Amino acid sequence: MLKVTNMTKTYGQGSKAVQAIGGLDFEVGEGRFVSIVGPSGAGKTTLLKCLCGLLKPTSGSVAVDGVPVDGPPESMALVFQDYRASLMPWFTIERNVGLPLEGRVHSSEIRKRVDEALEAVGLGHCHKQYPWQLSGGMQQRVAIARAVAYRPAILLMDEPFASVDAQTRADLEDLTLSIQRNSGATVLFVTHDVDEAVYLSDQVIVMSSAPSTVRQIVNIDLPRD
Ligand code: ADP
Ligand code: ADP
């Protein structure tokens, strides 16, 4: 369903040009949990931004179900590492979770989905609170709830658990897995952590920064029960 063809991305021009991605090809099937691993600077975040249309590839293409991506597709949701930047501080938790649905579905449907999503992430009691009243791990749960309530076909997560403590991280990994299995969504998950990638995924994309500026990619399929 997601197909990347001979994609490159170069930042800047002339002598200041940085080739972040050089010639990637891969495919991700529906309902897969794919991790993208690699060292800092390998181009993982750049790849994710190109996948969701926040950045335009310099050459090559990204397509979802055969349709070229040229802006954020309706069918995608994003969860970033920095939950502080992703929640609106002046809105309640329930408003934050329902925000992407406003104007898209009826308010009674929004209420239903927000209730279900907050329940699913263990924050059924936090509707009327504000982000700053919650811990970092709880705020990241809210960001996940927002993605869940949106019911995306494709969920992109950029190092979503890098800023939370180890126990919270383990909880959120299991939560993400159960959400993915229940919803059937395709997940693309960027992480530094190979153990996390192997635990979560049935497909791993390894990006390396060698040689020089051309990024290489290796696709590994993992059996998952
Ligand atoms: P990763 O997420 O794997 O750490 P990035 O996608 O952030 O890698 O970066 C890949 C390369 O692109 C790095 O060399 C980085 O310095 C460069 N880069 C990323 N964003 C920009 C930008 N906005 N302008 C110029 N270079 C950038
Ligand atoms: P209220 O809860 O005040 O009755 P509504 O449910 O009528 O509010 O609408 C809330 C928002 O959702 C409004 O911006 C409205 O335009 C939008 N909306 C309502 N129904 C639909 C719908 N079927 N499809 C898309 N947007 C809708």
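Given the structure is predicted, the values throughout are model-derived calculations rather than measurements.

About the criteria used
Residues numbered from 1 in each chain as written. Chains lettered and ligands numbered in written order. Predicted model: local features only at pLDDT ≥ 70, side-chain atom pairs only at ≥ 80, totals over all residues. Heavy atoms only, no water. Salt bridge = Lys/Arg side-chain N within 4 Å of Asp/Glu carboxyl O. Helix = DSSP H or I, 4+ residues; strand = E, 2+ residues; numbered from the N terminus. Buried < 20%, exposed > 50% of the residue type's maximum accessible area, 1.4 Å probe, protein only. Axes fitted to C-alpha atoms, helices over the stretch in contact; angles between N-to-C directions. Parallel < 35°, antiparallel > 145°, perpendicular 65-115°, else oblique. Left-handed = near helix turned anticlockwise from the far one by under 90°. Contact = heavy atoms within 4.5 Å. Nonpolar A, V, L, I, M, F, W, Y, C, P; charged D, E, K, R; others polar. Phe/Tyr/Trp six-rings, centres within 6.5 Å; stacked < 30°, edge-to-face > 60°. Lys NZ or Arg CZ within 6 Å of the ring centre and 35° of its normal.

Q: How do you make sense of the pattern of salt bridges when you look at a structure like this?
A: It is possible for side chains of opposite charge to pair when their charged atoms get near one another. By the definition in use, this model includes 15 salt bridges. Between Arg-32 and Asp-221 there is a salt bridge whose closest N-O contact spans 2.6 Å. Of this pair, Arg-32 sits in the loop between strand E2 (18-28) and strand E3 (33-37) while Asp-221 sits in strand E10 (residues 216-221), and the two are 189 residues apart along the sequence. Classification of Asp-221 as exposed rests on a relative accessible area of 53%. One salt bridge in this structure joins Glu-109 and Arg-151, with 3.9 Å as the shortest N-O distance. Taken together, the residues span a long stretch of sequence, with Glu-109 in helix H4 (residues 107-120) and Arg-151 in the loop between helix H5 (136-150) and strand E7 (154-158) at a distance of 42 residues.

Q: Would you explain the packing of H4 against H5 in this entry?
A: Helix packing for two helices is described by the angle between their axes and how far apart those axes are. The geometry of H4 relative to H5 is characterised by a closest axis approach of 8 Å and an angle of 135° between their N-to-C directions. In terms of axis orientation, H4 runs oblique to H5. Handedness of the H4/H5 crossing: right-handed. Across the interface between the two elements, Arg-113, Ala-117 and Leu-118 of H4 pack against Ala-145, Val-148, Ala-149 and Tyr-150 of H5. When the residues that make up the contact of H4 with H5 are grouped by side-chain class, the tally is six nonpolar, no polar and one charged.

Q: For this particular structure, what's the right way to read the packing of aromatic side chains?
A: The geometry of an aromatic ring pair is captured by the separation of the ring centres together with the interplanar angle, meaning the angle of the planes. Under the definition given, this model contains four aromatic pairs. For the ring pair Tyr-130 and Trp-132, a centre distance of 6.2 Å and an interplane angle of 15° mean the geometry is stacked. A relative accessible area of 29% means that Tyr-130 is categorised as partly exposed. Judged by its relative accessible area of 61%, Trp-132 is exposed. Ring centres of Phe-161 and Phe-189 lie 5.7 Å apart, and the angle between their planes is 55°; this geometry places the pair in the tilted category. On the criterion of sequence distance, the pair formed by Phe-161 in the loop between E7 and helix H6 (166-183) and Phe-189 in strand E8 (residues 186-191) is long-range, its members being 28 residues apart. Of the two residues, Phe-161 and Phe-189, both sit in the buried class. Over the aromatic face of Phe-91 sits the side chain of Arg-95, whose NZ or CZ is 4.3 Å from the ring centroid.

In short, geometric facts, not functional conclusions.
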